[in-house]
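A structural walkthrough
Each chain, letter by letter, is given below.
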Amino acid sequence: MAQELGNGWAEGVHREDFDRCLKIYIDHFDARKAFRMQYRLRRHDGAYHWIDDTGIPRYARDGTFLGYVGSSIDIHEHRETQAELRRRLLEIAHLNRRAEAAAVAASIAHELNQPLAAILSNTEAAELCLSADPARLDVVKEVLADIRRDDRRAADAIMHMRRLLTKREHDLQEVDLNDVIRSVHEILSPQAAEMGVAVSVNQPQRAFRVLADPMHLQQVVLNLVWNGLDAMLKSVPGKRRMVLQTAKVGESTVEVSVTDSGTGIPSDKLSDIFETFYTTKQQGTGLGLSIARTIIESYGGKIWAENGPEGGAVFRFTLPLAGAHPV
């Protein structure tokens, strides 16, 4: 225990996570703000496990800052399972209705695990706030709002699955593509940070509404983003960048682009990468991009890939704005 006191705990943080964790810790400590971060911590036997670390500032009755009350939860098994689920999610075939339902079910399983894990961690944080002296009711209120939001996310995923199991046709609805991009960014940003990839989102303030199933569009964007992350594994750390962008094209079309700073795509392969079973990955199935093309074309859109002028690859797809063209 003596080794852990003061800054001793930091000696057990994995070197690849240390700078990121230290920045979060210092920034929030100086501002006396609650923080939450995930990192790999060395156990007594030398093995590293993923930890979900929450810190809540603690004050005396006269307002004097006393430090932080911390809570660390071992989430290693959960993280490993999630990583495998994400990889499999993006390669699941749904070339017919049953296969499609299986892919969406895997996506929903992932979506359920995320809010449920967040609810658990937020509950732990709320308990810490209530046990503080005095109780941090202002922070508890914020935590409860987060729990309510994650509960709604889980409920939406269950409702979507229920519609699939009753074998009814998908209810097409107006979907804001900007919301889809933000959702994917929220899901994959932890993995991008671990891989040293700086992800930015570039979208105008206006909404781009299209007529589609939101889960389908989320799956397409997840697929394209994950392909870009994989492509940057061989890039130099510190130069791994990705940009997600939406823009209006003409009067009735919206375009989504996913740009990475990876190795790019051989020019003679650009026309083949969307073909079924074509893959450049050792463990790939060759179905991910084929599925993405099937989804986009079913909603009256187009999807293609090109190499960026400064290197890396750019995946683009277009969809007609709601009301512009019948689907």
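Residues numbered from 1 in each chain as written. Predicted model: local features only at pLDDT ≥ 70, side-chain atom pairs only at ≥ 80, totals over all residues. Heavy atoms only, no water.

Observations concerning the pattern of salt bridges
Our working rule: Definition used for salt bridges: Asp or Glu carboxyl oxygen within 4 Å of a side-chain nitrogen of Lys or Arg. Strands here are runs of E lasting at least two residues and helices are runs of H or I lasting at least four, both read from the DSSP assignment and numbered beginning at the N terminus.
Here the structure, examined in full by the defined rule, presents 12 salt bridges. Arg 61 serves as the salt-bridge partner of Asp 133, at 3.4 Å between the closest nitrogen and oxygen. Highlighted residues: Asp 133 in the loop between helix H3 (97-131) and helix H4 (137-165) and Arg 61 in the loop between strand E2 (48-59) and strand E3 (65-74), separated in sequence by 72 residues. Through salt bridges with shared partners, a single ionic network connects Glu 16, Asp 17, Arg 20 and Arg 40.

Structural notes on the pairing of strand E1 (residues 35-42)
Operational definition: Any two strands between which DSSP finds at least two bridges are classified as paired.
Here eight bridges tie E1 to E2, and the two strands are oriented antiparallel to one another. What sits directly across from Leu 41, in E2, is His 49. In this antiparallel pair of consecutive strands, E1 and E2, the connection spans five residues, and Gly 46 shows a positive phi of 90°.

With respect to the packing of helix H5 (residues 177-194) against helix H6 (residues 214-231)
Angle between the axes and distance between the axes are the two parameters that describe a pair of packed helices. Where we set the bar: Helix axes use the C-alpha atoms of the stretch in contact, all axes being lines fitted to C-alpha atoms, and the angles between their N-to-C directions lie in the range 0 to 180 degrees. In these notes the angle categories are as follows: under 35 degrees is roughly parallel, over 145 is roughly antiparallel, 65 to 115 is roughly perpendicular, and the rest is oblique. With the far helix as reference, a near helix turned anticlockwise by less than a right angle produces a left-handed crossing, and one turned clockwise produces a right-handed crossing. Every residue pair with non-hydrogen atoms within 4.5 Å of one another is taken to be in contact. All residues other than Ala, Val, Leu, Ile, Met, Phe, Trp, Tyr, Cys, Pro, Asp, Glu, Lys and Arg, Gly among them, are scored as polar; the first ten of these are nonpolar and the last four charged.
It is the contact of H5 with H6, at a shortest axis distance of 9 Å, that shows an interaxial angle of 40°. Classified by the angle their axes make, H5 and H6 are oblique. For H5 against H6, the interelement crossing comes out right-handed. Side by side, H5 and H6 meet where Leu 177, Val 180, Ile 181, Ser 183, Val 184, Ile 187, Leu 188, Gln 191 and Ala 192 of the first sit next to Leu 217, Gln 218, Val 221, Leu 222, Val 225, Trp 226 and Leu 229 of the second. Its residues assigned to classes, the contact of H5 with H6 shows 13 nonpolar, three polar and no charged.

Quick word on the sheet that holds strand E8 (residues 253-260)
The mixed open sheet is built from five strands, whose spatial order is E5-E7-E8-E10-E9. Among the strands making up the open sheet, the edge pair consists of strand E5 (198-202) and strand E9 (302-307). This sheet shows a mean twist of 15° between the axes of neighbouring strands, independent of strand direction. Packed onto the sheet, H5 meets E5, strand E7 (241-249), E8 and strand E10 (313-320) and runs at close to 170° relative to E5. Sheet strands touched by H6: E7, E8, E9 and E10. Its angle to E10, the strand with the most contacts, is close to 170°.

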